[in-house]
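Examining the three-dimensional arrangement
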There are 2 protein chains.
Amino acid sequence: MGAAHPLRQQPQALKALMGIRDLVLGGAVTPGARLSEVAIAERLGISRTPIRAALARLEQEGLVEILPSGGYAVRRFSRSEVSDAIELRGVLEGTAARLAAERGAPPDRLAALKAIVEELDGAVADWPEALDFDRYVELNAAFHDTLAGLSGSETIRREVERVKNLPFASPSAFLDKQADVPAFRRSLVTGQAQHRAIVEAIEMREGTRAEALAREHARLARANLEYVMEEDRSLLARVPALALVNE
Amino acid sequence: MGAAHPLRQQPQALKALMGIRDLVLGGAVTPGARLSEVAIAERLGISRTPIRAALARLEQEGLVEILPSGGYAVRRFSRSEVSDAIELRGVLEGTAARLAAERGAPPDRLAALKAIVEELDGAVADWPEALDFDRYVELNAAFHDTLAGLSGSETIRREVERVKNLPFASPSAFLDKQADVPAFRRSLVTGQAQHRAIVEAIEMREGTRAEALAREHARLARANLEYVMEEDRSLLARVPALALVNE
DNA sequence: ACATAACAAAATGTATACATCGTCGATAGC
DNA sequence: GCTATCGACGATGTATACATTTTGTTATGT
């Protein structure tokens, strides 16, 4: 599945990375607040060294920012930045889809992608009401991971995976049991139709169509974001990925 | 111009980053070879700590890779990876151009971009033979930096700048006095025409056209890459950015 | 009461010491 | 002569100690 990065993380380094991620996304530290290295080190029970490494990495990923005077702080995202990050994911996934179509995807991987779509179809269609969120999220993530690697270009795959590290830009950002509203549920049906169309376009070597579809697919997440901001701001607290959005 | 990153680098950290970059790009260590932390530390006269930080960052940038057993090595790039990185730059710059056109670029920044194009015109047209490479490189870099920030999306700007950190993906990769061949020189004329067209498209709010043009503009670099690989491999050694390409 | 300057506390940046793991080589056995 | 295992060397991963900068507070002067 997603061998994500060539990460051969050492135990402490891994603890630091996951720990800080949880701290930030769990709302333990408010956006904009300083991330004190000693405080984190004590809280996680490890030394400052892996903490610093993790912070530097998270800065590269865009989750934390460097303070002008040194040190790091939890990054705050404006609504437009979230929107742009989603658009960016669409652009990159679109490129992955286009290249896969133009260059021809490896038959086995394309078959795997089609199998995932079939399973997704089952998950969505069988019991539209009693949908298994966990299962859908898992399959959806698998679809996007497979798509990212379908072009055979490691360069593209890396960048797609990179942008997905931003929590709200992930394809599963708005898929959460805590945020189970009809509007989101409807988007799953549309999304699944787009999944099918993307695979079809790649199979037919229709690069431009595949790219446009993947972009539009990402914009489904943007629509969900707008729904949260305009229609039901109470979801802001219930969608974990949106904890960092201020404005 | 390009305040690149919110990097408030400490002296040792900066020395480490620049030093290792020079080591890798200068060919002091062969691609694939291990980058021993102690060796680098002794060579640069600083401790291992900033070295490690710089290596971790360069791994994120894609210049070095993590060895399965730990530590880092100089990354080797296949021809297709170089080609894909250039394509990726085109995709991202294309997105920057499209968004600038769709959303409307700030008048002052657009004016600045037009001024750069004017200056570039002078540099190219006045003395086609006695072209000042340094000046052209500087203006060309300014054009691409300005374009990256023209959409107003910091997210997009960041990503464009990121991919440009890969030496061979930079817009100036094939602009070098050491590699002054007629084929490259001709590409400058075509490139300058594309610069003009990109600005025009953004000004006319023609987003799709702007995106397509920016992509095609990047493919000029891809053509130069193919020229090196197919027509004149002696350039492989003369174009500094291509030192990491094996195959 | 307010502003300013000096001082103290704390945080980061850097260096070094220690622990752990991988790799290379030598030696012993077959 | 070849292979396998044991051991030493070296490298990275981690922790800690030190130095420098930043920040917050307090006291003093106007």
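Cut-offs and rules
- Residues numbered from 1 in each chain as written.
- Chains lettered and ligands numbered in written order.
- Predicted model: local features only at pLDDT ≥ 70, side-chain atom pairs only at ≥ 80, totals over all residues.
- Heavy atoms only, no water.
- Contact = heavy atoms within 4.5 Å.
- Buried area = accessible area lost by both parts, 1.4 Å probe.
- Salt bridge = Lys/Arg side-chain N within 4 Å of Asp/Glu carboxyl O.
- Helix = DSSP H or I, 4+ residues; strand = E, 2+ residues; numbered from the N terminus.
- Nonpolar A, V, L, I, M, F, W, Y, C, P; charged D, E, K, R; others polar.
- Phe/Tyr/Trp six-rings, centres within 6.5 Å; stacked < 30°, edge-to-face > 60°.
- Buried < 20%, exposed > 50% of the residue type's maximum accessible area, 1.4 Å probe, protein only.
- 1 Å grid on protein atoms, 1.4 Å probe; cavity = no way out; pocket = protein on both sides within 12 Å on 5 of 7 lines; lining within 4 Å.
- Points joined across faces, edges and corners; volume = space filled by probe spheres on them.
- Pairing = 2+ DSSP bridges.
- Axes fitted to C-alpha atoms, helices over the stretch in contact; angles between N-to-C directions.
- Least-squares fit on C-alpha atoms with pLDDT ≥ 70 in both.
- Near = heavy atom within 4 Å.
- Polar contact = N/O pair within 3.5 Å; in protein donor to acceptor, adjacent residues only side chain to side chain.
- Parallel < 35°, antiparallel > 145°, perpendicular 65-115°, else oblique.
- Left-handed = near helix turned anticlockwise from the far one by under 90°.
- Expected span 1.5 Å × (residues − 1).

1. What to know about the interface of chain A and chain B
Between chain A and chain B, the contact holds 31 residues from the first and 33 residues from the second. Approximately 2800 Å² of surface area, both sides summed, lies buried where chain A meets chain B, with 45% of it carried by carbon and sulfur atoms. Of the charged contacts, one joins B:Arg103 and A:Asp84 as a salt bridge, the two residues approaching to 2.8 Å between their closest N and O atoms. Of all the secondary-structure elements, those providing two or more residues to the side of chain A that touches chain B are helix H3 (48–61), helix H4 (79–103), helix H7 (154–164) and helix H9 (207–230) of chain A. For the side of chain A that touches chain B, the element with the highest residue contribution is H4(A), accounting for ten residues. A breakdown of the residues in the side of chain A that touches chain B according to their chemical character gives eight nonpolar, seven polar and 16 charged.

2. Observations concerning the packing of aromatic side chains
Inspection of the entire model under this criterion finds six aromatic pairs over all chains. Taking 5.8 Å as the distance between ring centres and 80° as the angle between the ring planes, the aromatic pair formed by A:Phe174 and A:Phe184 counts as edge-to-face. Taken together, the residues A:Phe174 in the loop between H7 and helix H8 (182–203) and A:Phe184 in helix H8 connect sequence positions ten residues apart. In this pair, the class of A:Phe174 matches that of A:Phe184, namely buried. Their ring planes at 65° and their centres at 6.0 Å tell us that B:Phe184 and B:Tyr227 sit as a pair that is edge-to-face.

3. Topic: the layout of surface pockets
Sizing a probe to match a water molecule and rolling it over the atoms shows the empty space that remains. Empty space within the largest pocket amounts to approximately 1400 Å³. Around the largest pocket sit 45 residues that line it, and A:Ala53, A:Ala56, B:Arg52, B:Ala53 and B:Ala56 are the ones nearest its centre. Among the elements of the structure, helix H1 (11–25) and H3 of chain A together with helix H1 (11–25), strand S1 (34–35) and helix H3 (48–61) of chain B are those that each provide at least two residues to the lining of the largest pocket. When grouped by side-chain class, the residues that make up the lining of the largest pocket number 20 nonpolar, 14 polar and eleven charged.

4. Quick notes on the pattern of salt bridges
Scanning the model with the defined rule gives 54 salt bridges over all chains in all. Of the charged contacts, one joins A:Arg209 and A:Glu200 as a salt bridge, the two residues approaching to 3.1 Å between their closest N and O atoms. Salt-bridge contacts for B:Glu230 lead to B:Arg79; the nearest nitrogen and oxygen are separated by 2.9 Å. Highlighted residues: B:Glu230 in helix H9 (residues 207–230) and B:Arg79 in helix H4 (residues 79–103), separated in sequence by 151 residues. Judged by relative accessible area, which is 51%, B:Glu230 ranks as exposed. A residue is classified by how much of its surface remains accessible, and B:Arg79, at 24% relative accessible area, is partly exposed.

5. Remarks on the sheet that holds S1(B)
Residues and elements named next belong to chain B. Taken in spatial order, the three strands line up as S1-S3-S2 in an open sheet, and their pairing is antiparallel. At either end of the open sheet lies a strand with only one pairing partner, and these are S1 and strand S2 (64–66). Both S1 and strand S3 (residues 72–74) contribute to a ladder of two bridges, which runs antiparallel. When the sheet's bridge partners are listed, Leu 35 is paired in S3 with Tyr 72.

6. Things to note about the sheet that holds strand S3 (residues 72–74) of chain A
Strand pairing in a sheet takes place through backbone hydrogen bonds and is either antiparallel or parallel in direction. Residues and elements named next belong to chain A. Spatial ordering of the open sheet is given by S1-S3-S2, a layout of three strands whose pairing is antiparallel. Edge positions in the open sheet fall to strand S1 (34–35) and strand S2 (64–66), since each of these has one partner strand only. Note: S2 against S3, three bridges, orientation antiparallel. Across the sheet, the residue bridging to Glu 65 is Ala 73, located in S3. Strands in contact with H3 are S1, S2 and S3; relative to S2, the strand with the most contacts, it is inclined by about 100°.

7. Thoughts on the relation of the copies chain A and chain B
Least-squares fitting of chain A to chain B yields an RMSD of 0.1 Å, with the transformation described by 0.0 Å of translation along the axis and a rotation of 180°. Within this description, the copies of the chain are treated as partners about a two-fold rotation axis. Comparing interface residues between copies, 100% of those in chain A also lie at the interface in chain B; the contact surface is shared.

8. Some remarks on the protein's contact with DNA strand C
Taken together, the neighbourhood of DNA strand C is formed by 18 residues, with A:Arg52, B:Gln10, B:Gln12, B:Ser47 and B:Thr49 sitting nearest. Counted by atom, the contact set of DNA strand C within 4 Å of the protein is 71% sugar and phosphate. One of the side-chain N or O atoms of A:Arg34 is found 3.5 Å from a sugar or linking oxygen in DNA strand C. A:Glu37 is positioned with one of its backbone polar atoms (N or O) 3.2 Å from a phosphate oxygen of DNA strand C. Among the elements of the structure, S1, helix H2 (37–44) and H3 of chain A together with H1 and H3 of chain B are those that each provide at least two residues to the surface near DNA strand C. Residue classes in the surface near DNA strand C are distributed as five nonpolar, eight polar and five charged.

9. Quick word on the packing of helix H6 (residues 133–149) of chain B against helix H8 (residues 182–203) of chain B
Residues and elements named next belong to chain B. One can describe the packing of H6 onto H8 by two numbers: an axis separation of 12 Å at closest approach and a directional angle of 30°. Viewed along their axes, H6 and H8 adopt a mutual orientation that is roughly parallel. Handedness of the crossing formed by H6 with H8: left-handed. Taken together, the residues of H8 that come into contact with H6 (itself represented by Phe 133, Tyr 136, Asn 140, Phe 143, His 144 and Leu 147) are Arg 185, Leu 188, Gln 192, His 195, Ile 198, Val 199 and Ile 202. When its residues are assigned to classes, the contact of H6 with H8 shows eight nonpolar, four polar and one charged.

10. Re H3(A)
Counted at 1.5 Å a residue, the expected span for H3(A) with its 14 residues is 20 Å, and the 20 Å between its end C-alpha atoms agrees. Buried within H3(A) are the following residues: A:Pro50, A:Ile51, A:Ala54, A:Leu55, A:Arg57, A:Leu58, A:Glu59, A:Gln60 and A:Glu61.

11. Notes on the environment of B:Ala179
Residues and elements named next belong to chain B. One can find Ala 179 in the loop between helix H7 (154–164) and H8. With 133 residues separating them in the primary sequence, Ala 179 and Ile 46 have C-alpha atoms 34 Å apart. With sequence-adjacent residues up to four places away left out, Ala 179 is seen in contact with Phe 184, Leu 235 and Val 239.

As far as function goes, none of this settles anything; it's purely spatial.
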